[in-house]
Amino acid sequence: MDVDTRLLRYFVAVAEEGALTRAAERLFVSQPALTKQIKQLEAQLGVRLFTRSRTGMALTEPGRILEERVPALLAEWDRVRRETRSAAGRAACVLRVGFMASAANEATPRIIAEFARRRPGWRADMRQAAWSNPSAGLVDGDVDVALLRLPFPGQDALRTVVLFTEPRWVALPAGHPLATCDVIPFRDLWDEPFVAAPPESGRWREYWLATDEREGHPVRIGAVTDQPDDWLSAIANGYGMALAPASAARFYARPGITYRPVSGVSPSQVGVAWARSEDTAPVVQDFVRCCLDNRPRPEETTT
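Cut-offs used in this document
- Residues numbered from 1 in each chain as written.
- Predicted model: local features only at pLDDT ≥ 70, side-chain atom pairs only at ≥ 80, totals over all residues.
- Heavy atoms only, no water.
- Pairing = 2+ DSSP bridges.
- Helix = DSSP H or I, 4+ residues; strand = E, 2+ residues; numbered from the N terminus.
- Contact = heavy atoms within 4.5 Å.
- Axes fitted to C-alpha atoms, helices over the stretch in contact; angles between N-to-C directions.
- Core = buried A, V, L, I, M, F, W, Y, C linked by side-chain atoms within 4.5 Å.
- Buried < 20%, exposed > 50% of the residue type's maximum accessible area, 1.4 Å probe, protein only.
- 1 Å grid on protein atoms, 1.4 Å probe; cavity = no way out; pocket = protein on both sides within 12 Å on 5 of 7 lines; lining within 4 Å.
- Points joined across faces, edges and corners; volume = space filled by probe spheres on them.
- Nonpolar A, V, L, I, M, F, W, Y, C, P; charged D, E, K, R; others polar.
- Polar contact = N/O pair within 3.5 Å; in protein donor to acceptor, adjacent residues only side chain to side chain.

## A look at the sheet that holds strand S7 (residues 168-173)
Sheet strands associate in pairs through backbone hydrogen bonding, adopting either a parallel or an antiparallel arrangement.
So, point 1. Taken in spatial order, the four strands line up as S8-S12-S7-S11 in an open sheet, and their pairing is mixed. Taken across any chain shown, the strands that pair with only one partner, and hence form the sheet edges, are strand S8 (184-185) and strand S11 (242-245).
So, point 2. The sheet contact formed by S8 and strand S12 (residues 257-263) spans two bridges and is parallel. Bridge pairing in S12 places Pro185 opposite Ser263.
So, point 3. Along the sheet, helix H7 (residues 228-236) makes contact with S7, S11 and S12, crossing S12 at roughly 90°.

Printed below as a string of structure tokens:
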């Protein structure tokens with residue numbers, strides 16, 4: 001009998017959350033769909049994994065045994081999948097590079113050009129990720145190396161080097177009363193609706209809502225988006241505002257949207273990240289050196 005690893009990942013989420021509703025939000029699936037998947041796993045294994053009640057989902061004894069074993073099984077499968085995909089890419093002289101939004105700003109073309117000089121015959125395959133995947137596929141083994149905004153879920157299990165830091169600004173509708181301010185105190189934005197990344201982006205979503213810098217003040221969510229174009233549309237249409245890197249004013253300028261500096265909120269960091277297993281991979285380390293040697297100049301991290 002073969003079990004879909006997706007069912008095992010769903011099981012882990014329910015076991016960790018202790019409730020179908022929270023697990024469904026974390027997985028970005030509907031609760032009925034998640035219930036169906038858990039029942040399918042139970043049917044395949046021939047055992048009950050959870051005792052369902054009004055208070056949540058409690059693991060049965062077979063469920064507790066599965067919970068103990070599954071994380072190591074999934075981690076080993078992820079490692080095998082990552083190594084297999086990496087080997088396929090290297091056989092074709094392709095380095096898979098994930099990135100979020102504008103990646104390393106104006107330095108990105110210089111990094112790619114330097115990599116081409118260091119590795120003749122190789123190609124850096126740039127793959128932009130949705131905001132629901134803030135590691136740009138690195139955690140899942142879909143890419144070999146990535147240019148990312150820190151922090152992101154799974155970061156602690158990877159190697160990361162900060163390339164540069166830039167201020168966080170706010171993107172808001174051009175007709176908003178605060179759009180004419182030279183600098184906006186973050187406290188003045190606490191009661192405003194915000195455009196957020198999907199819930200499954202976890203720590204990354206919370207960082208761009210600055211939940212840790214609101215002194216416990218709750219966040220109002222006006223819209224949830226997963227792509228830059230949808231994000232821009234939500235702001236321009238007045239559904240909310242959003243914190244953004246200062247460079248977004250250059251890369252995502254759009255009629256109807258104004259970008260303003262914000263005081264009282266920490267800056268954003270961009271880093272290059274790779275799996276620990278790639279510490280001795282020459283091609284990956286060459287790309288990392290290209291990133292370090294071509295960091296953005298100071299004038300490219302401010303506006």
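## What about the nonpolar core?
So, point 1. By size, the foremost hydrophobic cluster in this structure holds 49 residues, and its most contacted members are Leu148, Val170, Phe186, Leu189, Trp231, Leu243 and Tyr259.
So, point 2. Put simply, the parts of the chain that give this core at least two residues each are strand S5 (145-150), S7, strand S9 (193-196), helix H6 (203-209), H7, S11, S12 and strand S13 (268-275).
So, point 3. Residues within four places of Tyr259 in sequence aside, it is in contact with Trp169, Val170, Ala171, Trp231, Leu232, Ala248, Ala249, Tyr252 and Ala253.

## Side note on the sheet that holds strand S3 (residues 94-100)
So, point 1. Taken in spatial order, the five strands of this open sheet run S4-S3-S5-S13-S6, and their pairing is mixed. In this open sheet, the two strands that pair with only one neighbour each are strand S4 (123-129) and strand S6 (158-166). The mean inter-strand angle of the sheet, taken between neighbouring strand axes irrespective of direction, is 25°.
So, point 2. By the bridge criterion, six bridges tie S5 to S13 in an arrangement that is antiparallel. Residue pairing across strands places Arg149 opposite Val270, the latter belonging to S13.
So, point 3. Against the sheet, helix H9 (residues 282-293) contacts S3, S5, S6 and S13, and its axis sits at roughly 165° relative to S13.

## Comments concerning empty space enclosed by the protein
So, point 1. Applying the stated criterion to the full structure yields one cavity of 30 Å³ or more.
So, point 2. Of the pockets and cavities examined, the largest cavity occupies roughly 320 Å³.
So, point 3. In this structure, the largest cavity is lined by 20 residues; those nearest its centre are Trp131, Trp204, Trp208, Trp231 and Leu243.
So, point 4. Sorting the residues of the lining of the largest cavity by element identifies S9, H6 and S11 as the ones contributing at least two each.
So, point 5. Within the lining of the largest cavity, the residues separate by chemical class into 16 nonpolar, two polar and two charged.

## Comments concerning the side chain of Arg168
So, point 1. Secondary-structure assignment places Arg168 in strand S7.
So, point 2. By relative accessible area, Arg168 is classed as buried at 1%.
So, point 3. Here Glu213 takes part through its side chain, which lies 2.7 Å from a polar atom of the side chain of Arg168.
So, point 4. Within the structure, Arg168 has its side chain in polar contact with the backbone oxygen of Ser266 (distance 2.7 Å).

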